[in-house]
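Take a look at the letters that make up each chain.
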Amino acid sequence: MKKILIILLVVSISTACQTAEEGSVEKNAMTNETVSQDLAEKAEETVEVLQRVEQAEAVSFNEDVYVYLNVTGFDRFFLKDIRSQAEKKLKTSLPEGKVHVSTDKKIEMEIKELKQKLGAQQMTKKNVEKDTKKIKKDMEG
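Residues numbered from 1 in each chain as written. Predicted model: local features only at pLDDT ≥ 70, side-chain atom pairs only at ≥ 80, totals over all residues. Heavy atoms only, no water.

Chemist: Which parts of the structure should I look at to understand the overall build of the protein chain?
Modeler: Per the secondary structure count, the protein chain includes five helices and three strands. When the elements of the protein chain are put in sequence order from the N terminus, they spell out α-α-β-β-α-β-α-α. Expressed as a percentage of the 141 residues in the protein chain, the buried residues total 33%. If you sum the accessible surface of the protein chain, you get close to 9,600 Å²; carbon and sulfur atoms cover 54% of it. (Helix = DSSP H or I, 4+ residues; strand = E, 2+ residues; numbered from the N terminus. Buried < 20%, exposed > 50% of the residue type's maximum accessible area, 1.4 Å probe, protein only. Areas by Shrake-Rupley, 256 points an atom, 1.4 Å probe, with all protein chains shown as cover.)

Chemist: Can you walk me through the pairing of strand 3 (residues 98-102) in this structure?
Modeler: Along a regular strand, successive side chains alternate from one face of the sheet to the other. Where burial is concerned, most of strand 3 is hidden: four out of the five residues are buried. Examined bridge by bridge, strand 2 (residues 64-70) and strand 3 share five bridges and lie parallel to one another. Following the sheet pairing, Y66 is matched in strand 3 by H100. Handedness of the strand 2-helix 3 (residues 79-93)-strand 3 crossover: right-handed. (Pairing = 2+ DSSP bridges. Right-handed = clockwise from strand over helix to strand, strands pointing away.)

Chemist: Just checking my understanding: could you explain the sheet that holds strand 3 for this structure?
Modeler: Paired through backbone hydrogen bonds, the strands of a sheet run either parallel or antiparallel to each other. What the three strands build is an open sheet, ordered 1-2-3; its pairing is mixed. Bordering the open sheet on either side are strand 1 (55-61) and strand 3, each of which pairs with just one other strand. Pairwise comparison of adjacent strand axes, ignoring direction, gives a mean angle of 20 degrees for this sheet. Seen against the sheet, helix 2 (residues 38-48) touches strand 1 and strand 2 and runs at an angle of roughly 155 degrees to strand 1. Against the sheet, helix 4 (residues 105-119) makes contact with strand 1, strand 2 and strand 3, and its axis sits at roughly 60 degrees relative to strand 1, the strand it touches most. (Axes fitted to C-alpha atoms, helices over the stretch in contact; angles between N-to-C directions. Contact = heavy atoms within 4.5 Å.)

Chemist: What exactly am I supposed to notice about the packing of aromatic side chains here?
Modeler: Aromatic rings considered in pairs are described by the distance between their centres and by the relative angle of their planes. Per the counting criterion, the structure on display carries two aromatic pairs. A ring pair is formed by F74 and F78, whose centres lie 5.6 Å apart and whose planes are at 70 degrees; its orientation type is edge-to-face. On the basis of relative accessibility, which here comes to 59%, the residue F74 falls in the exposed class. (Phe/Tyr/Trp six-rings, centres within 6.5 Å; stacked < 30°, edge-to-face > 60°.)

Chemist: What am I meant to see in a negative patch on the surface here?
Modeler: Taken together, the side chains of D38, E41, E45 and E48 make up a negatively charged region of the molecular surface. Among the secondary structure elements, E48 is positioned in helix 2. (Patch = residues over 30% accessible without salt bridge, like charges linked within 9 Å, V, L, I, M, F, W, Y side chains within 5 Å. Salt bridge = Lys/Arg side-chain N within 4 Å of Asp/Glu carboxyl O. Lys, Arg positive; Asp, Glu negative; His and termini not counted. Charge placed at Lys NZ, Arg CZ, Asp CG, Glu CD.)

Chemist: Please explain the nonpolar core as it appears in this structure.
Modeler: One recurring pattern in soluble globular proteins: nonpolar side chains tend to sit buried together. Judged by nonpolar contacts, the single largest core of 19 residues is most densely connected at A43, V47, V67, L69, L90 and V101. If you list the elements that add at least two residues to this core, you get helix 2, strand 1, strand 2, helix 3 and strand 3. In this structure, V101 is in contact with V67, L69, R83, A86, E87, L90 and M139, ignoring residues within four places of it in sequence. Counting residues in each nonpolar core, the second largest holds twelve residues, with F61, Y68, V128 and I135 among its members. (Core = buried A, V, L, I, M, F, W, Y, C linked by side-chain atoms within 4.5 Å.)

Chemist: So what exactly am I meant to see when it comes to the pattern of salt bridges here?
Modeler: Oppositely charged side chains can form a pair if their charged atoms are brought close together. Counting across every chain of the model gives eleven salt bridges. The salt bridge involving K106 is made with D138; its shortest N-O contact spans 3.9 Å. With a gap of 32 residues between them, K106 in helix 4 and D138 in helix 5 (residues 125-140) connect regions that are remote in the sequence. Look at K106 and you get partly exposed, because its relative accessible area is 42%. The closest approach of N and O atoms between E108 and K112, which form a salt bridge, is 3.1 Å. Within this pair, E108 and its partner K112 are both found in helix 4, separated by four residues, close to a single helical turn. Here E108 falls in the buried class, since its relative accessible area comes to 13%. A network of salt bridges, in which partner residues are shared, links K106, E110, K134 and D138.

Here it is, written out as structure tokens:
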């Protein structure tokens, strides 16, 4: 009876160690994957020079760039014109990317959250793709 208990104890300890190692390998693989945000940074710099744009937030995945424009005060009456100006400027400065522009506060929140996760490297490429698809869907309506 003692031998059986000892064998069970040894087996359970060895399997527990294996699962801990597998988890750490998966975690390391997740942190090694990075999604380049060069297009997003370039997009932010490009639209922040527009007179009516207070601030811009952007994320990118593959060739898609999602940009939020912060427009305040009286300028909010001209959102349609501001968005079209920003889109034209981004299309000339980022011909390799597909640009999506929004002034919706919900999009701002989603983009900032995604940027924060990307900065902390807590996202896999699959999760970034999922989140950017959600942002695109929300931008479309």
